[in-house]
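What follows is each chain in one-letter form.
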Amino acid sequence: LDEDRIRSWLRPSPIVSFQGQKVLNIWAGGHGFFAQVQNVRLEIFACGANSYGQLGHPLKQGIFLPVLIESLTAMHGIIRIACGLHHTLILDRTGSV
């Protein structure tokens, strides 16, 4: 990778994917993030390292633009998400992890 590309990744900028949408929560870790968005239904999007499937997307490689994660969108009552390099923990309103 060239230095200009890396610098552009590190420069804060709006996430175009979410313009005009209502973002309710964002949970971020060192190598990715999750966003809860209110559309017709509550949806969970993720972006970042996914080499172990830790973002919940079946494609096990980096995800560079936020994508809808259907398996998490189907969950109800997500309170918090903690994401690390190789893991994700999800707490729901019943206290289940």
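Quick look at the structure, then. (Residues numbered from 1 in each chain as written. Predicted model: local features only at pLDDT ≥ 70, side-chain atom pairs only at ≥ 80, totals over all residues. Heavy atoms only, no water.)

1. So, the overall build of the protein
Basically, it comes down to this: Strands here mean DSSP runs of E at least two residues long; helices mean DSSP runs of H or I at least four residues long; both are numbered from the N terminus. Each radius of gyration is computed over the set of C-alpha atoms, and the globule rule expresses the reference value as 2.2 Å times the number of residues to the power 0.38. Each residue is placed in one exposure class: buried if its accessible area under a 1.4 Å probe, protein chains only, is under 20% of its type's maximum, exposed if it is over 50%, and partly exposed if it falls in between. Any pair of residues with heavy atoms lying within 4.5 Å of one another is described as a contacting pair. Accessibility throughout is a Shrake-Rupley quantity obtained with a 1.4 Å probe, and a residue counts as covered only by protein chains that appear here.
Across its full length, the protein carries two helices and six strands. Reading the protein from its N terminus to its C terminus gives the helix and strand order α-β-β-β-β-α-β-β. Against the globule reference of 13 Å for 97 residues, the protein gives a C-alpha radius of gyration of 14 Å, in line with a compact fold. Viewed in the frame of its principal axes, the protein has a C-alpha envelope of about 45 × 30 × 20 Å. Here the protein, with 97 residues, has 30% of them falling under the buried criterion. Considering only contacts within the protein whose residues lie at least 6 apart along the sequence, 27% involve residues at least 24 apart. Working note: accessible area of the protein is about 6,600 Å², and carbon and sulfur atoms make up 58% of it.

2. Description of the sheet that holds strand β1 (residues 22-29)
Worth spelling out the cut-off: In short, DSSP must find at least two bridges between two strands for them to pair. Lines fitted to the C-alpha atoms define the axes, with helices restricted to the stretch that makes contact. Angles between their N-to-C directions range from 0 to 180 degrees.
With respect to topology, four strands assemble into an open sheet ordered β1-β2-β3-β4, the strand pairing being antiparallel. Of all strands in the sheet, those with a lone pairing partner are β1 and β4 (63-68), marking the two edges. Taken over all neighbouring pairs, the strand axes of this sheet differ in orientation by 15 degrees on average, direction set aside. Summarising the sheet, β1 and strand β2 (residues 32-38) pair through seven bridges and their orientation is antiparallel. By the bridge assignment for β2, Trp27 is matched with Phe34.

Geometric descriptors of this kind do not, in isolation, establish any biological role.
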